Amino acid sequence: MSEPAREPVLVLDEVHKSFGATAALTSGGITVEAGSIHALVGENGAGKSTMVKIVAGVHRRDGGVFRFQGDDVDFSSTAEAKAAGIAVIYQEPTLFPDLSVAENLFMGRQPLKPGRRVDRAAMYEQSEVLFQRLGVHLDPRRIARGLSIADQQIIEIAKAISLDAALLVMDEPTAALSGVEVDRLFAVARGLRDEGRALVFISHRFEEIFALCDTVTVLRDGAYVATQAIADTNRGEIVAQMVGREVGELFPKTPAPIGDTVLRVERLNSTGAFHDVSFEVRAGEIVGIAGLVGAGRSEIARAVFGVDGYDSGSVHLNGEAIPMRDPRASIKAGMAFVPEDRRLQGLITDGSIARNIASVIRRGLAKVGFLTSRSELRAADEWAARLHVKTHALDMPATTMSGGNQQKTVLAKWLATEPSLLIVDEPTRGIDVGTKAEVHRLLSDLAGQGIAIVMISSELSEVLGMADRVLVVCEGRITADIDRDQATPEAVMRAATQLHHTEAGA
Amino acid sequence: MKNAVSDLLRSRELAVALVLIAAVVLTALKSESFVFSADGWRNLLVTPSMLVILAVGQAAVIVTRNVDLSVGSVLGLTAYMTGRIFIEAPGTPIIAVVLAAIGLGAVLGLVNGVIVAVAKVPALVITLGTLYIYRGVFLTWAGSDRINASDLPDDFLALGNKQIASIPVLSIVALLVLIAVGYYLYSTRGGREMYAIGSDPDAARLYGLPVTRRVIGAFVLSGALAGLAGVVYAARYGTVSSGAGLGIELEAVGAAVIGGVAIFGGSGTVWGAAIGAALLVTINRALPVVGISDFWQRAVVGGLILAAIVLDRVLALHRERRLSIERDTRSLA
Amino acid sequence: MTSLNFRAHARPAWRRLLFTREAAVIAILAAVLLYANLAVSNFDSPLTMYYLFLDVTPLLLIALPLTMVIVTGEIDLSVASVVGLSSVLVGVLYAHAGMPMWTAALTAIAVGAVCGSLNGFLVAYVGLPSLAVTIGTLALYRGVAIGLLGTEAVTDFPETWTDLAKTRIVEGGSLPLVLVPIAVLAAATAWLLHFSPFGRGVYEVGLGREAAHFTGVNVERTKFLLFVLTGAVSALAGVYFTLRYGSARGDNAYGLELQVIAAVLLGGVSIFGGRGALHGPIAGVLLIGAVSSAMRLEGQTVNAINIVIGVLLVASVVATPVLNRVAAERAARKPKRKE
């Protein structure tokens, strides 16, 4: 940073981009200097990912300035962006599962032998070197299928680093990584910065941003808000800029009377996923489940609800044994499950809102074996209204709604079954602050009505704010059961990483 | 040791080759002339060549997560054209006719590829449509006509039986095709990209691979090879009637599946597909020899295809199970 | 529906009915019928209609359950082989084993259901790709059919039965009696797919397998049952085929699978699953039948008909994404509405 007045590596200004009728980005901007690690923050839906995808050549901007290394550019493909010197690590790993780890790293630019033959030996060797630099042990010869999410993410990182790019964009690379892996990644990132490269780092974890970055740019509602040196700002100021107003009470947890045991899980085991899991949830109680991504939290929930099987153990709801791998029996017994992946598991996104809401209760809606759209519409209308779903019409496909409204639709669909146990997996992922508070209030109300709630969340503040009790999962085992008044971030994180070590691959 | 055995089992090409060898040996035990006679030997090698060529092209398409159902119609059309050229322009050099057939096949494949890759519609539907169209063109062109051996020049027909060092020429052609395509898919960047595309087309696009070009390339290859197979058909059988190539597309897909090419792309080799094709053809010929009416050959083919995919599934489940146990033991270590 | 809090439909009813793939196919069918009535001599004779219906009957039968299979995102290529197998079984059981026709026909249909259940088991419970499985069983079932009867044909069926396949509803009319059971079956299928909770599940399996599973739809059983149904109905079509032509042969209905699939896709059912309505494939079958019949009257051979079917199929599939793209571009040019 000592050289004065050098051309910034990346300049975006007043960039806008719409998809159909929705504007994802209205006036995005960022200026990234060489030799710097630049944090890009904003709420879900603020336009970060759209901006990343424009830089990466996935999307083309509708207008605005896009300058890279001093030149005006307009990438129409990811290949062009890559050739120009931009490497991107996406939120979700995008590997080729049938190919070897090394081929995934070098696809399209494999080292060649005479005769333009792919030099596999050299490829494996170079892969080893990359992994050494990252301090991980992965076999370059094994195929990518079956790798853990953390290992997949490490391959993505290795791939991006090996591109030798002038600009490296990392879109939430740490979500699935353990502490040691994060430290290694940061060491590599600092090394790249010291070589004079520019890095953009997107994360929701403020500790990481303050530990790693030197500059921060905030986006809100698709528009640029501010850029500051990390040293000149603080967490509170950034949050205020992100939200654009005073943060009201995000976690309106009201105490509810705790009743009898509703859910009893005993010694549940599933090879490769979780072990010896036992816990109870009582009526009116919100039990939070915390842990790292990939620790087995969702797997436990899925097994309890019955979408997955398990090897041994038992699940009881209101004293009644719940058969294994039979979601319909679980639903009949009074379970409801709002899954982690709204678009893949929670909703039939191409189906209408009405049919989505009526999907679990439709058997009861049929009259003498006839199920009509009219009866589905009526039922859906009632529940959509109760949950304040916003939509143009009930026969619109669910894809047309915002993330928050989609989540409310999922909740409507399950609350229509009038459950005694509600399992919610990442209930507020990817939804705006307003709806987030609405969902929290709703969960609190439901607990007040005597529903037992299991809430899985990666957002520590959400777990600590909402839960009466926190179960921490680490590598498929419950490592702590902490009461609300004793639940601190430190206590939870300690339990979440206590077994963790970094051996990866084989 | 245990690893070596399971590696062997996992090498699908080897497993299918062993089944092929077993079939040949068992049949030869029953009737020596199946292998050890001039005719037996030649037929053993030459009969599979047409399906091998088709299966190689089909495998290349399937690897990219597509399928080409139109190859039977392309084969019929080019076989007919081959005969037509010899009738209309006697004295045309054979090599020119071969190139013309390959060229026509490539053009028909290009049509498939462009529609699939540019309009982004599923290959199954498009090539089902062009299956009808190409066959319709073939039949309209041919009318009630058929090509007879007497229409074809003798040295062209001789190709069907010609041998070099006791290896039939047509087998050599099939082998050369196999080596060339096998080399391309295994050892070049373009070939590896085809696997990547089939493994995850969305990731391939995000990664910036030339998806459209590679998919079109696969279809052109498949069409060109179907064109070549059409010439082989004409040379080998001497007659081309309206039924030429009817239904052979499913045999080509079946051969690839038996040879370990995953129907949803990304894995398998043309070597496997070729051995699968040889197995299909050889079993068909072996059945009557071992005393099973050849009416049952289709049933055996169907059984083989089912056995192959069920075996794949069982092995995959086994592997998954092992991986999750490995993960557990690692986390306890 | 006055008491609703929300608008029920985004588009007025006439637009919802008119701007669909099904409506487009029906319009093309109507145009073809109109043109053929005016321009093709003899097309409007009762005899032409009568034979048109007789000819499309197997297609129509199989298209009903196959539509549901394709809506779940799977495919069944073995249907024509089941037709052949069922035809051979009827012949062998009746003529060789001396069974009464009734029993022979019912046994054949039961075997068809067994064939379908093998497909369904391998696809739904073992989790194999249906394309590969049914290419295998296509060969297997056809192979058993040919294995049982060789190149022989059984032709001595009782006349009361063979006549039944050709009886008209009204003497001298254009409607064959087989249309009655077909209408019943079509109504039952329409109820199952469009007016039953099971049918909603069929669409959900096709649109989002995983979400359907999380909603309590038994994905495996849904697929399995549809394959069984397809097998049984294909066998029923085989019985009809045998009686209609008075001949049981191993190669009966060879290649019919591609025609049925072409008709279903032509009728607007998406090969990816989740989209389509039953009247589309029915119109698709009739369209193929009408085009074939008109062209035949015009002296065209089956060859040119193939070309037309192929072009229709390709055009119908390519049209949707192309039209969508055009619509999207038009929408993008329009000034943005503020929400």
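Reading the values: rules and limits
- Every chain begins its residue count from 1, and numbering advances along the sequence as written.
- Lettering of chains starts at A and numbering of ligands starts at 1, both following the order in which they are written.
- A pLDDT threshold of at least 70 governs which residues receive local features in this predicted model, and a stricter bar of 80 or more applies before side-chain atom pairs are shown or counted, although totals over entire chains, interfaces and linings include all residues.
- Side-chain metrics rest on all non-hydrogen atoms present in the structure, leaving aside hydrogens and water.
- Pairing of aromatic side chains here covers Phe, Tyr and the six-membered ring of Trp, requires ring centres within 6.5 Å, and sorts the geometry by plane angle: under 30 degrees stacked, over 60 edge-to-face, intermediate tilted.
- Numbering of helices and strands runs from the N terminus; a helix is a DSSP stretch of H or I covering at least four residues, while a strand is a stretch of E covering at least two.
- Look at NZ for Lys and CZ for Arg. If either is within 6 Å of the ring centre and within 35 degrees of the ring normal, a charge sits over the ring.
- For every domain, the bounds stem from an assignment made automatically or drawn from a database.
- Contacts were defined at the residue level, with two residues in contact if any of their heavy atoms lie within 4.5 Å.
- Here the buried area means the combined drop in accessible surface, using a 1.4 Å probe, for two parts upon being joined, counting both sides.
- Think of a salt bridge as a Lys or Arg side-chain nitrogen and an Asp or Glu carboxyl oxygen that are within 4 Å of each other.
- Residues adjacent in sequence count toward polar contacts only when both atoms are side-chain atoms; beyond that, a polar contact is any pair of N or O atoms within 3.5 Å, and within protein one must be able to donate a hydrogen and the other to accept it.
- Amino acid classes used here: Ala, Val, Leu, Ile, Met, Phe, Trp, Tyr, Cys and Pro are nonpolar; Asp, Glu, Lys and Arg are charged; the rest, including Gly, are polar.
- Classification of residues uses two cut-offs on accessible area relative to the type maximum, computed with a 1.4 Å probe and protein chains only: under 20% is buried, over 50% is exposed, and between them is partly exposed.
- At least two DSSP bridges between two strands are required for those strands to pair.

This part takes up the packing of aromatic side chains. A full pass over the atoms with the stated rule returns 17 aromatic pairs over all chains. Plain terms: the ring middles of Phe241(C) and Tyr245(C) are 5.0 Å apart, the flat faces sit at 50° to each other, and that makes the pair tilted. Highlighted residues: Phe241(C) and Tyr245(C), both in helix 11 (residues 219-245), separated by 4 residues, approximately one helical turn. These aromatic residues form a ring-pair network of at least three members: Phe305(A), Phe337(A), Trp414(A) and Phe214(C). Looking at Lys82(A), its charged tip hangs above the ring of Tyr207(B), at a distance of 3.3 Å from the centre. Here the guanidinium or amino end of Arg386(A) rests over the ring plane of Trp383(A), the centre of that ring lying 4.1 Å away.

Residues and elements named next belong to chain A. Here chain A is described as being made up of domain 1 (10-95 + 147-243), domain 2 (248-334 + 419-506) and domain 3 (347-418). For domain 2 and domain 3, the distance between their C-alpha centroids amounts to 25 Å. Taken together, the contact between domain 2 and domain 3 spans 17 residues of the former and 13 residues of the latter. Roughly 1,100 Å² of surface becomes buried between domain 2 and domain 3 when both sides are summed, with 72% attributable to carbon and sulfur atoms. Inspection of the region where domain 2 meets domain 3 yields 1 salt bridge. Of the charged contacts in the structure, one is a salt bridge between Lys408 and Glu438, with a shortest N-O distance of 3.0 Å. Linking domain 2 to domain 3 there are 2 residue pairs in polar contact (both at pLDDT 80 or more). Those elements that provide at least two residues to the side of domain 2 that touches domain 3 are helix 10 (327-333), strand 19 (421-425) and helix 16 (433-448). Ranked by residues supplied to the side of domain 2 that touches domain 3, first place goes to helix 16 with 5 residues. By residue class, the composition of the side of domain 2 that touches domain 3 is 10 nonpolar, 4 polar and 3 charged.

With 34 residues of chain C at the contact, the number on the chain A side is 45 residues. When chain C packs against chain A, the two sides together hide about 3,400 Å² of surface, and 57% of this comes from carbon and sulfur. Connecting chain C to chain A are 5 salt bridges. Along the contact surface separating chain C from chain A lie 18 residue pairs in polar contact (both at pLDDT 80 or more). Looking at the side of chain C that touches chain A, the elements that each hand over two or more residues are helix 8 (179-194), helix 9 (197-207), helix 10 (209-214) and helix 11 of chain C. Ranked by residue count, the leading element in the side of chain C that touches chain A is helix 9 of chain C, at 6 residues. Residues of the side of chain C that touches chain A, tallied by class, amount to 14 nonpolar, 11 polar and 9 charged.

Walk down a regular strand and you will see the side chains alternate between the two sheet faces. All names here are of chain A. Among the 5 residues that make up strand 20 (residues 452-456), 5 are buried, leaving the element largely enclosed by the rest of the structure. Across the two faces of strand 20 the burial is the same, with Ala452, Val454 and Ile456 and Ile453 and Met455 all buried. Sheet topology places strand 15 (residues 286-291) next to strand 20; 4 bridges connect them, and they run parallel. From the neighbouring strand, Ile286 faces strand 20, where its bridge partner is Ile453. As defined by bridge partners, strand 19 adjoins strand 20 across 5 bridges and the pair is classed as parallel. Directly across from Asp425, in strand 20, lies its bridge partner Ile456.

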